Amino acid sequence: MTTRIRDLVTIAASAGGVTALQRLFATLPADLPAALLVVMHLPASGGSSLARVLGRSSRLPVDFATDGQRPEPGRVLVAPPNRHLMLDGDLVRLSPAPRQKGVRPAADPLFFSAAVARGPGVIGVVLSGALDDGSAGCAAIEEAGGLVAVQDLAEAGYEGMPRAAIALTRDAFVANVDEIAAYLGRQTRLSVQEGRGALAPEIERRVQELLHPPVTAEDVPPGPVPGRREW
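Residues numbered from 1 in each chain as written. Predicted model: local features only at pLDDT ≥ 70, side-chain atom pairs only at ≥ 80, totals over all residues. Heavy atoms only, no water.

**Student:** Sorry if this is basic, but what is going on with the overall build of the protein chain here?
**Tutor:** Secondary structure summary: the protein chain contains 7 helices and 11 strands in total. Taken over the C-alpha trace, the protein chain has a radius of gyration of 16 Å; the compact-globule value for 231 residues is 17 Å, and the two agree within 12%. Counting only C-alpha atoms and orienting by the principal axes, one finds that the protein chain spans roughly 45 × 40 × 30 Å. Looking at the 231 residues of the protein chain, the share that counts as buried comes to 53%. Of all intrachain contacts in the protein chain linking residues separated by at least 6 positions in sequence, the fraction that spans at least 24 positions is 74%. (Helix = DSSP H or I, 4+ residues; strand = E, 2+ residues; numbered from the N terminus. Rg over C-alpha atoms; globule rule 2.2 N^0.38 Å. Buried < 20%, exposed > 50% of the residue type's maximum accessible area, 1.4 Å probe, protein only. Contact = heavy atoms within 4.5 Å.)

**Student:** Hey, could you run me through the pairing of strand β8 (residues 122–126) in this one?
**Tutor:** Across a regular strand the side chains alternate sides, sitting on one face of the sheet and then on the other. With 5 of 5 residues buried, β8 is to be regarded as a mostly interior element. Relative to β8, strand β2 (residues 8–13) runs parallel, the two sharing 5 bridges. Across the sheet, T10 pairs through a bridge with G124, a residue of β8. In this structure, β8 lies alongside strand β9 (residues 147–151), joined through 4 bridges in parallel fashion. If you follow G124 over to β9, its bridge partner there is V148. (Pairing = 2+ DSSP bridges.)

**Student:** I keep staring at the environment of P81 and nothing clicks. Help me out?
**Tutor:** Assignment of secondary structure puts P81 in the loop between β5 (76–78) and β6 (84–88). Given a relative accessible area of 1%, P81 falls into the buried group.

**Student:** Explanation requested: the packing of aromatic side chains in the structure shown.
**Tutor:** Within a pair of aromatic rings, the relevant descriptors are the distance that separates the centres and the angle that separates the planes. Enumeration over the complete set of coordinates arrives at 1 aromatic pair. Seen in terms of ring centroids, F173 and Y183 are 4.1 Å apart; in terms of plane orientation they differ by 5°. Their pairing is stacked. In this pair, F173 sits in strand β10 (residues 173–175) while Y183 sits in helix α6 (residues 177–187), placing the two residues 10 residues apart along the sequence. You can call F173 partly exposed: its relative accessible area is 25%. Judged by relative accessible area, Y183 falls into the buried class, the value being 9%. (Phe/Tyr/Trp six-rings, centres within 6.5 Å; stacked < 30°, edge-to-face > 60°.)

**Student:** Which parts of the structure should I look at to understand the nonpolar core?
**Tutor:** Counting 35 residues, the largest nonpolar core has L8, L37, L85, V92 and F111 as its most contacted members. Among the elements that make up this core, the one with the highest residue count is helix α3 (residues 107–118) (6 residues). Counting residues in each nonpolar core, the second largest holds 33 residues, with A20, L60, L127 and V177 among its members. (Core = buried A, V, L, I, M, F, W, Y, C linked by side-chain atoms within 4.5 Å.)

Next comes the structure, spelled out in structure tokens:
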């Protein structure tokens, strides 16, 4: 049977998450053989400096994602404001689909789409944040054969997102940020079998709805399109 490495890491954070992300990227090895896609809850009208802020402390290059690009090993792509960051096959998509759990970008669209597209090749990571965005997506990643890592509740500035992710998964790796960085360094170098675990049909249906939403006037930006090189 064909094997592959776990070559995609999807990361979600919210309140208290900038510090956790900075520490994670400062600790990850510069030769990490996986692409990293990051969702941080951002206001629609702000957050355009996030990639630059994270890049200052990162060993890996950090940029805002652009629609249609291909994730690359050792590179961090961040969801721009007001768009869901998703994966469609081998390509990044920026979706104007409605807010999920009250936010856009949200973690669940990224995690769901990564589980559908990459199956056991995905590692989902949940860092500090309030409420429960990302927890259902973590469960989907596990169902597809991927792995989940969650920031220790004692370390997270806000424990809502980590606590919800732990509650909905069976075998999450729960640790501090430094230990999660080491875990990612190990797990992205191990081979896994191609294929995918059985996902509920509603997950795949939801991914398609998020990738191809009807366009409304609210979704048409007044200026540069989020995710283009203007960011």
